[in-house]
Amino acid sequence: MIYEKRRRVNGMKKNVLLFADFGVDDILAYMYGVFHQEINIIGVVASYGNVTREYSLRNIELLKKLTKTEHIQVIKGAERPLTGNEVKVYPEVHGQEGLGPFSFPLLSIGNEYNFDKIYELVRNNKELTIVNVGRLTSLATAFIYEPNLMKSVKEIFVMGGAFQVQGNITPVAEANIYSDFIAANIVNKIAPSIKYFPLDVTTMAVISEKQMDVLTKYFPAKTRQLLIEIHKYYTNFYEKKHFVKCSPQHDLLTIWALINEQYVTYEEKCVKIVVNSIAKGQTIGYDERSSSCSFIHKVATFIDYERFIQDVTSTFHHGSVTVIDSEWL
């Protein structure tokens, strides 16, 4: 087991390129990233996944307005998976538009950058971390076209997989991996070093309705109500399925770990992704160290939950001063 130490370089922020498919937990992950004093989100790649790409792009534009982060560059990500399958969204989990029970206009989207903007950001930021909390289609595509450049990225954090627990989309597979197992396999094989945050640990990072109420305590009234209601919608799904009044924050945990790795336990594994059987999308981690395995990555196996809650709460309280209400809420 490996305990990662927190890394700071002369107090500098960590530059992050965030790949997401903006549903409920992606929204909280983005807010944490822009609120935290040690994280600098330089760009967002918005793709299909929890919702269609259209709604994913709309939701990040909404978030940028609410958090006064209009300067953050948004890139159009993938519209469908490399598998060729139709996009399947999950309105019972995140809502039809990724905002629980709410529906909003598409706003003034259309100013997003084309895909090759990713390469410009990678070239211009030598100490760059990629955090991928959605499907891996966009990230795989970036590696296919510019493998050498993408291998220069300092570190890659991926929310995905189910190693020792049941999957959430099939008995053995987690949604981000299963929904484009071809893309996931490409990234797993090409990326030099990945830190995986599978269901094994993300299901530990639960937030109750009471905790959400505390998190948003200092937010403006309308925005606070929006977050409470979309979280409640998300939590209701888990309550019906698992009989618990809280919901796992898969994506929030992944970006939290970026600057809290002293509270994360990892195990080095030879990671393989099943692509050609009834178990497609399954992530398998081998302990063997052999010359035949070139896909050695770190898999998170445990987190300090109390530290997670403490840090997320303080970060949201700190960031609340930047949040606004809007006339269309």
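Here the structure is a predicted model, which means the values were calculated and not measured.

Criteria and cut-off values
- Residues numbered from 1 in each chain as written.
- Predicted model: local features only at pLDDT ≥ 70, side-chain atom pairs only at ≥ 80, totals over all residues.
- Heavy atoms only, no water.
- Helix = DSSP H or I, 4+ residues; strand = E, 2+ residues; numbered from the N terminus.
- Expected span 1.5 Å × (residues − 1).
- Buried < 20%, exposed > 50% of the residue type's maximum accessible area, 1.4 Å probe, protein only.
- Polar contact = N/O pair within 3.5 Å; in protein donor to acceptor, adjacent residues only side chain to side chain.
- Pairing = 2+ DSSP bridges.
- Right-handed = clockwise from strand over helix to strand, strands pointing away.
- Phe/Tyr/Trp six-rings, centres within 6.5 Å; stacked < 30°, edge-to-face > 60°.
- Axes fitted to C-alpha atoms, helices over the stretch in contact; angles between N-to-C directions.
- Left-handed = near helix turned anticlockwise from the far one by under 90°.
- Contact = heavy atoms within 4.5 Å.
- Nonpolar A, V, L, I, M, F, W, Y, C, P; charged D, E, K, R; others polar.
- Salt bridge = Lys/Arg side-chain N within 4 Å of Asp/Glu carboxyl O.
- Parallel < 35°, antiparallel > 145°, perpendicular 65-115°, else oblique.
- pLDDT = per-residue confidence, 0-100.

### Some remarks on helix α13 (residues 305–319)
Reasoning step 1: Taking 1.5 Å of rise per residue, the 15 residues of α13 would be expected to cover 21 Å, and the 21 Å separating its terminal C-alpha atoms lies within 8% of that figure.
Reasoning step 2: F308, I309, D311, V312, T313, T315, F316 and G319 are the residues of α13 that are buried.
Reasoning step 3: Between a side-chain oxygen at the N-terminus of α13 and the backbone nitrogen of E306 the separation is 3.3 Å; the capping residue is D304.

### Some remarks on the pairing of strand β4 (residues 73–76)
Reasoning step 1: In this sheet, β4 lies alongside strand β3 (residues 39–46) in parallel orientation, the contact comprising four bridges. Paired with V45 across the strands is I75, a residue of β4.
Reasoning step 2: For the segment spanning β3, helix α2 (residues 53–66) and β4, crossover handedness is right-handed.

### A few points about the packing of aromatic side chains
Reasoning step 1: A full pass over the atoms with the stated rule returns 13 aromatic pairs.
Reasoning step 2: Between the aromatic rings of F163 and Y196, the centroid separation amounts to 6.3 Å while the plane-to-plane angle is 65°, which identifies the pairing as edge-to-face. Within this pair, whereas F163 is found in the loop between β6 (155–159) and α7 (175–178), its partner Y196 is found in strand β7 (residues 194–197), the two being separated by 33 residues in sequence.
Reasoning step 3: By relative accessible area, which is 15% here, F163 ends up buried.

### A word on the packing of helix α1 (residues 24–35) against α2
Reasoning step 1: Viewed as axis vectors pointing N to C, α1 and α2 meet at an angle of 35°, and their least axial separation amounts to 11 Å. Relative to α2, the crossing made by α1 is right-handed. Note on element contacts: α2 touches α1 through I60, L63 and K64, opposite I27, Y30 and M31.
Reasoning step 2: When grouped by side-chain class, the residues that make up the contact of α1 with α2 number five nonpolar, no polar and one charged.

### Details of unusual backbone geometry
Reasoning step 1: A positive phi angle, close to 55°, is found at K68, a residue other than glycine.
Reasoning step 2: Topologically, K68 is positioned in the loop between α2 and β4.
Reasoning step 3: Given a relative accessible area of 47%, K68 falls into the partly exposed group.
Reasoning step 4: With a phi close to 60°, F243 is a non-glycine residue in the positive phi region.

### Quick notes on the pattern of salt bridges
Reasoning step 1: What the rule picks out here adds up to 14 salt bridges.
Reasoning step 2: Among the salt bridges present, the one from E146 reaches R123, with a minimum N-O distance of 3.9 Å. Placement of E146 in the loop between α5 (137–145) and α6 (147–150) and of R123 in helix α4 (residues 117–124) is noted, with a sequence separation of 23 residues between them.
Reasoning step 3: Residue classification places R123 among the partly exposed positions, given a relative accessible area of 42%.
Reasoning step 4: Its salt-bridge partner being E155, residue K195 comes within 3.9 Å of it at the nearest N-O pair. In this pair, K195 sits in strand β7 while E155 sits in strand β6, placing the two residues 40 residues apart along the sequence. Grouping residues by exposure puts K195 and E155 together as buried.
Reasoning step 5: Through salt bridges with shared partners, one network takes in K14, E155, K195 and E261.

### Some points on the packing of helix α12 (residues 250–257) against α13
Reasoning step 1: Where α12 contacts α13, the axes come no closer than 11 Å and their chain directions differ by 85°. By the criterion of interaxial angle, the relationship of α12 to α13 is roughly perpendicular. Note on element contacts: α13 touches α12 through R307, F308, D311 and V312, opposite L252, L253 and W256.

### Let's talk about the confidence of the model for the protein
Reasoning step 1: The share of residues in the protein with pLDDT of 70 or more is 93%, and the mean pLDDT across the chain is 93.
Reasoning step 2: Across residues 3–10 the pLDDT falls below 50, and counting only partners more than four positions away or on other chains, this stretch makes 19 contacts in the model.

### Describing the pairing of strand β2 (residues 14–20)
Reasoning step 1: Taken across its seven residues, β2 has seven buried, putting it largely inside the fold.
Reasoning step 2: The alternating pattern of β2 places K14, V16, L18 and A20 and N15, L17 and F19 on opposite faces, both of which are buried.
Reasoning step 3: Two elements, β2 and β3, share seven bridges in a ladder whose sense is parallel. By the bridge assignment, V16 is partnered in β3 with I41.
Reasoning step 4: Regarding topology, α1 serves as the crossover connection from β2 to the parallel β3, and that connection is right-handed.
Reasoning step 5: One ladder, built from five bridges, connects β2 with strand β5 (residues 128–132); its direction is parallel. In the sheet register, F19 faces β5, and the bridge partner there is N132.

### Describing the environment of T223
Reasoning step 1: Assignment of secondary structure puts T223 in helix α11 (residues 221–242).
Reasoning step 2: In sequence terms T223 and I324 are 101 residues apart; their C-alpha atoms lie 7.2 Å from each other.

### Considering the side chain of T137
Reasoning step 1: Structurally, the position occupied by T137 is in helix α5.
Reasoning step 2: Engagement of the side chain of T137 in a polar contact is seen with the side chain of D180, the distance being 2.7 Å.
Reasoning step 3: Setting aside residues up to four positions removed in sequence, T137 forms contacts with Y48, A78, R80, P81, L82, D180 and A183.

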